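Breakdown of the fold
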Amino acid sequence: MIKPDLIDYVRTMVRSDYAANESVGARLDAEGWDGFPRFLAALFFVAVDRRFGETADRAGVIKFVADLRAEYDGGPEIRADDAESLILSTIDPSLDYAISQEMIGRIQAATVQKIFTEEDLADVELEALLSEAAQLASRG
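Scope of this entry: the structure provided in the associated data block. A quick note: this is a predicted structure, and the numbers were derived from the prediction, not measured. (Residues numbered from 1 in each chain as written. Predicted model: local features only at pLDDT ≥ 70, side-chain atom pairs only at ≥ 80, totals over all residues. Heavy atoms only, no water.)

All right, on to the overall build of the protein then. Broken down by element type, the protein carries 7 helices and 0 strands. The linear arrangement of helices and strands in the protein, starting from the amino end, is α-α-α-α-α-α-α. Taking 14 Å as the expected radius of gyration for a compact globule of 140 residues, we find that the protein reaches 15 Å, a close match to that expectation. Taken along its principal axes, the extent of the C-alpha atoms in the protein is 40 × 35 × 30 Å. (Helix = DSSP H or I, 4+ residues; strand = E, 2+ residues; numbered from the N terminus. Rg over C-alpha atoms; globule rule 2.2 N^0.38 Å.)

What follows is the structure, encoded as structure tokens:
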């Protein structure tokens with residue numbers, strides 16, 4: 001079961017509610033981020049699937065990553081080749097990658113925020129996506 005604070009953290013991140021995001025983040029710092037990597041990975045899968053489907057081409061992923069990095073300027077480094085590899089391996093699981101866990105987390109968080117923010121989802125749509133990812137993360 002994914003903790004409600006983890007869902008709240010992502011919701012506030014996507015909605016650019018920075019004060020609430022910091023507050024939820026502080027609670028998670030105190031209580032623990034247990035389950036967040038698995039939840040973030042599930043969110044990343046859902047976001048990439050929504051944005052690219054199963055038929056994305058390399059050029060589209062390269063453009064997305066270039067835009068992502070331009071918008072993320074000033075944050076922690078996201079390596080273009082790593083982001084491209086991670087996204088492409090989500091679309092095509094036969095592809096492999098060798099990326100540090102820290103970089104994977106950065107890429108996943110930035111990608112989820114970009115895709116869900118750009119979609120300007122209605123509250124009910126965002127809640128459905130967060131719930132779907134929580135269910136995916138709670139499996140096995």
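On to the packing of helix α1 (residues 4–14) against helix α2 (residues 18–31), then. Remark: α1 packs on α2, axes separated minimally by 8 Å, with the N-to-C direction vectors making an angle of 155°. Judged by the inter-axis angle, α1 sits roughly antiparallel to α2. You can see that α1 and α2 cross each other, and the crossing is left-handed. Contacts between α1 and α2 involve D5, L6, D8, Y9, T12 and M13 from the former and A20, N21, V24, G25, R27, L28 and E31 from the latter. Here the residues of the contact of α1 with α2 are counted per class, giving 6 nonpolar, 3 polar and 4 charged. (Axes fitted to C-alpha atoms, helices over the stretch in contact; angles between N-to-C directions. Parallel < 35°, antiparallel > 145°, perpendicular 65-115°, else oblique. Left-handed = near helix turned anticlockwise from the far one by under 90°. Contact = heavy atoms within 4.5 Å. Nonpolar A, V, L, I, M, F, W, Y, C, P; charged D, E, K, R; others polar.)

A few words on the side chain of E84. Relative to the helices and strands, E84 resides in helix α5 (residues 80–91). One buried charge, E84, has no salt-bridge partner; the nearest side chain with opposite charge is R58, at 4.9 Å. Beyond its immediate stretch of four places on either side in the chain, E84 contacts V61, I62 and V65. (Buried < 20%, exposed > 50% of the residue type's maximum accessible area, 1.4 Å probe, protein only. Lys, Arg positive; Asp, Glu negative; His and termini not counted. Salt bridge = Lys/Arg side-chain N within 4 Å of Asp/Glu carboxyl O.)

Turning our attention to the pattern of salt bridges. Any two side chains of opposite charge can pair, given that their charged atoms come close. Per the counting criterion, the structure on display carries 11 salt bridges. The partner of E71 in a salt bridge is K114, with the nearest N and O atoms 2.8 Å apart. You can see E71 sitting in helix α4 (residues 58–71) and its partner K114 sitting in helix α6 (residues 101–118), a full 43 residues away along the chain. Salt bridges sharing common partners tie together D8, R11 and E127.

Here the largest pocket is characterised by a volume of approximately 260 Å³. In terms of lining, the largest pocket is formed by 15 residues, of which the most central are P37, A41, Y97, I104 and Q108. In terms of residues, the lining of the largest pocket owes the most to one element, helix α3 (residues 36–52), which gives 7 residues. Taken together, the residues of the lining of the largest pocket break down into 10 nonpolar, 5 polar and no charged. (1 Å grid on protein atoms, 1.4 Å probe; cavity = no way out; pocket = protein on both sides within 12 Å on 5 of 7 lines; lining within 4 Å. Points joined across faces, edges and corners; volume = space filled by probe spheres on them.)

Attention now goes to α6. Given a rise of 1.5 Å per residue, 18 residues ought to cover 26 Å, and the 26 Å separating the end C-alpha atoms of α6 matches this to within 8%. Burial in α6 covers these residues: M103, I104, I107, Q108, A110, T111, V112, K114, I115 and F116. Buried-residue contacts for α6 involve α1, α3, α4, α5 and α7 (123–138). A positive backbone phi angle near 45° is found at D120, which sits one or two residues after α6. (Expected span 1.5 Å × (residues − 1).)

For the coordinates displayed, the defined rule picks out 4 aromatic pairs. Measuring from ring centre to ring centre gives 5.4 Å for F52 and F64, while their planes differ by 85°; the resulting arrangement is edge-to-face. One end of the pair, F52, is in helix α3; the other, F64, is in helix α4, with 12 residues separating them in the sequence. Residue classification places F52 among the buried residues on the basis of a relative accessible area of 10%. Given a relative accessible area of 1%, F64 falls into the buried group. Grouping aromatic residues by their ring pairs yields a cluster made of Y9, W33 and F36. Above the face of the F52 ring, R51 is positioned so that its terminal group lies 4.8 Å from the ring centre. (Phe/Tyr/Trp six-rings, centres within 6.5 Å; stacked < 30°, edge-to-face > 60°. Lys NZ or Arg CZ within 6 Å of the ring centre and 35° of its normal.)

Shape descriptors only; they carry no functional weight alone.
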